[in-house]
Amino acid sequence: MTERLIDLRSDTVTKPTPMMRKAMAEAEVGDDVFGEDPTVNALQEKVARLLGKESAIFVPSGTMANQLAIKSHTQPGDEVIIEGTSHPYNFEGGAGAALSGVQFYCLKGTRGILDASQIDEAIRSDDHHFPVTRLICLENTHNRGGGSIYPIEKLMEIYRLAKSKGLLVHLDGARLWNASIATGIRPDEYAQWADSVSVCLSKGLGAPIGSLVAGSKAFIDRVHRFRKMFGGGMRQAGIIAAAGIYALDHHMERLQEDHRNARRLALALKELKGISINPEHVETNIVIFDISKTGMTAHEIAARMRKSGVLIHPISQTQIRLVTHLDVSSQDIEVAIGVFEKVLSGVETR
Ligand code: TLP
């Protein structure tokens, strides 16, 4: 048997549980391109309800969800205001430019979080020299911000600003569930401050695949057309939608455990020589920290950790990201902390 690895690279690495696989195997299915898959329809209705939107549509990935939203909200040449470390701008292969022909206006957030006043300054005036500002894209929780949570008042202010200027707001809510469980603010309370929301089932919720975009009925009709164009129309997709329904019903509340594990990791890392981290900044399941004073690169540390069975994600020469999830227990976290202590035991500086 191969040695079991503790995989802290991402919450996308989870494997479906036996009960989830059972739900998938037993799912009623039909051809979803004809709108005839009862399980996909049930998932779409469930997520629309959870987000307080008229309609939702199932798509294969978070990237497709975000890009369909951008495509459906904009015209080529439009400008999209976004935070500079955000997922749609950095980690979606340049899709905004390639598929929608939009240009991004990047702002610098505090751990990914923007203020309405910053956005206000970035909105273009009505001048033929300028691109047309059309859309504001936000991310909650913010991945590169270290799983940071958008304060709901800020979302409200930004949405009100957008409406006063005739702009649209899209929320990348790949980990909106984490924000909701951490704060007790319901997903629909967050979603009311956006015209469209994308959510993922394949991150902390532990489904193997699947995301949704939610919004008004007219907007989702437009997304549906582009989903077909992008090749995202799926057939007996109830098999994977069933995993999503199972995940929403059974894996939501337990996100608290992931948040506790992330906090425990952060507190332990803070005690290690050469590591800089503020555990107060760890609000959900993502832990990002700086290793520049260890005398090693992030990749060297990752290689040493891997030899002892712990996988971590170097996100730059000097920064490492850890993500807690369904497939790492609190015991695994203690083992991972022990391995960090061993790998960093020779570090002199602090
Ligand atoms: N994030 C992945 C990687 O792509 C970096 C991860 O390991 O965190 N929005 C946000 C905020 C995301 O974090 C991700 C995935 C996506 C969208 C895209 O989702 P997928 O991978 O399903 O296309």
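Our subject is the structure listed above.
Residues numbered from 1 in each chain as written. Predicted model: local features only at pLDDT ≥ 70, side-chain atom pairs only at ≥ 80, totals over all residues. Heavy atoms only, no water.

1. Focus on the sheet that holds strand 8 (residues 211–215)
Paired through their backbone hydrogen bonds, the strands of a sheet run either parallel or antiparallel. Strand order in the open sheet made by the 7 strands is 2-8-7-6-5-3-4, with mixed pairing throughout. This sheet does not close on itself; its edge strands, each paired only once, are strand 2 (55–59) and strand 4 (103–107). Taking each pair of neighbouring strands and ignoring which way they run, the sheet shows an average axis angle of 20°. Across 4 bridges, strand 3 (residues 79–83) lies against strand 5 (residues 133–139) in parallel orientation. Paired with Ile82 across the bridge in strand 5 is Cys137. (Pairing = 2+ DSSP bridges. Helix = DSSP H or I, 4+ residues; strand = E, 2+ residues; numbered from the N terminus. Axes fitted to C-alpha atoms, helices over the stretch in contact; angles between N-to-C directions.)

2. Concerning the sheet that holds strand 11 (residues 313–314)
With antiparallel pairing, the 3 strands of this open sheet are ordered in space as 9-12-11. Pairing within the sheet leaves two strands with one partner each, and these edge strands are strand 9 (286–290) and strand 11. Across 2 bridges, the pairing between strand 11 and strand 12 (residues 319–323) is antiparallel. Residue pairing for strand 12: His313 is matched across the bridge by Arg321.

3. So, helix 13 (residues 298–307)
Residues Ala298, Ile301, Ala302 and Met305 constitute the buried set of helix 13. Each buried residue of helix 13 sits inside an arc of 100° when the element is viewed along its axis, so together they form one side. If you follow the buried residues of helix 13, they end up packed against strand 10 (310–311), strand 11, strand 12 and helix 14 (330–343). Of the residues one or two after helix 13, Gly309 is the one with positive phi, at around 90°. (Buried < 20%, exposed > 50% of the residue type's maximum accessible area, 1.4 Å probe, protein only. Arc of directions from axis to C-beta. Contact = heavy atoms within 4.5 Å.)

4. Some words on the pairing of strand 12
Within strand 12, 4 of the 5 residues are buried, leaving the element largely enclosed by the surrounding structure. As paired elements, strand 9 and strand 12 share 5 bridges and run antiparallel to each other. Directly across from Ile288, in strand 12, lies its bridge partner Arg321.

What is shown is where atoms sit, not what they do.
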